[in-house]
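Topology and contacts: notes
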Amino acid sequence: MPGRPSQPFFVMNGDLLTTVNFEQMLKYHREYQAFSTICVREHSVTVPFGVIDFDDHRLLGIREKPTQKFFVNAGVYLLDPAVLDHLDANEAVDMPTLIERTIAKGKPSVVFPLREYWIDVGRLDDLQRASDEFQRIFG
């Protein structure tokens with residue numbers, strides 16, 4: 001960066017498209033007096049088979065094609081300028097590592113649920129989908 005920011009600043013992965021409300025995220029960040037705020041997105045994974053629950057050799061049940069939900073890192077961050085104090089000169093570090101480092105030092109981090117449009121275009125099929133949706137979403 002050309003200079004140290006004096007206010008919280010955004011960092012975003014370069015392989016995603018989103019309509020996240022940055023103003024609302026900043027308000028949330030300030031409201032919770034966060035050192036870092038990370039956008040999270042709900043992601044569901046469906047197991048394509050029946051999952052067997054058992055204890056030792058005794059069958060307890062069968063859950064047919066269950067879906068599990070997780071909150072995943074959406075790759076959008078809002079950081080207090082003091083986060084930069086947790087980097088060494090010329091150090092290359094990814095955002096999860098940097099945020100884990102600040103959490104270990106007791107700095108408050110919060111999650112901001114992203115409900116707006118979001119797509120990671122790191123895979124070819126997702127890039128094609130984003131290309132198909134771009135005009136409708138951002139036009």
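How each quantity is defined
- Within each chain, residues carry numbers counting from 1 in the order of the written sequence.
- Confidence filtering applies because this is a predicted model: local features only for residues at pLDDT of at least 70, side-chain atom pairs given and counted only at 80 or more, and all residues used for totals across whole chains, interfaces and linings.
- Excluded from the side-chain calculations are hydrogens and water; all other atoms, namely the structure's heavy atoms, are used.
- Accessible area is worked out with a 1.4 Å probe on protein chains only. A residue is then buried under 20% of its type maximum, exposed over 50%, and partly exposed in between.
- Put simply, DSSP H or I for four residues or longer makes a helix, DSSP E for two residues or longer makes a strand, and each gets a number counted from the N terminus.
- This arc is built from the directions going out from the helix axis to the C-beta atoms.
- Grouping buried Ala, Val, Leu, Ile, Met, Phe, Trp, Tyr and Cys residues that are joined through side-chain atoms within 4.5 Å yields what is termed a nonpolar core.
- By definition in these notes, contact holds between two residues if any of their heavy atoms fall within 4.5 Å.

1. Comments concerning helix H2 (residues 95–104)
Every buried residue belonging to H2 is among Met95, Leu98, Ile99 and Thr102, and all of these are buried. In a view along the axis of H2, the buried residues occupy a sector of 95°, so they form one face of it. Set apart from the buried face of H2 by more than 90 degrees, the exposed residues are Glu100 and Ala104. Backbone geometry just after H2 places Gly106 at a positive phi near 85°.

2. Topic: the nonpolar core
Listed in full, the ten residues of the largest apolar core are Leu16, Val20, Met25, Cys39, Ala74, Val76, Leu78, Phe112, Leu114 and Trp118. The contacts of Trp118, once residues within four sequence positions are left out, are Leu16, Leu17, Thr18, Arg41 and Ala74. Listed in part, the nine residues of the second largest apolar core include Ile38, Tyr77, Val83 and Leu98.

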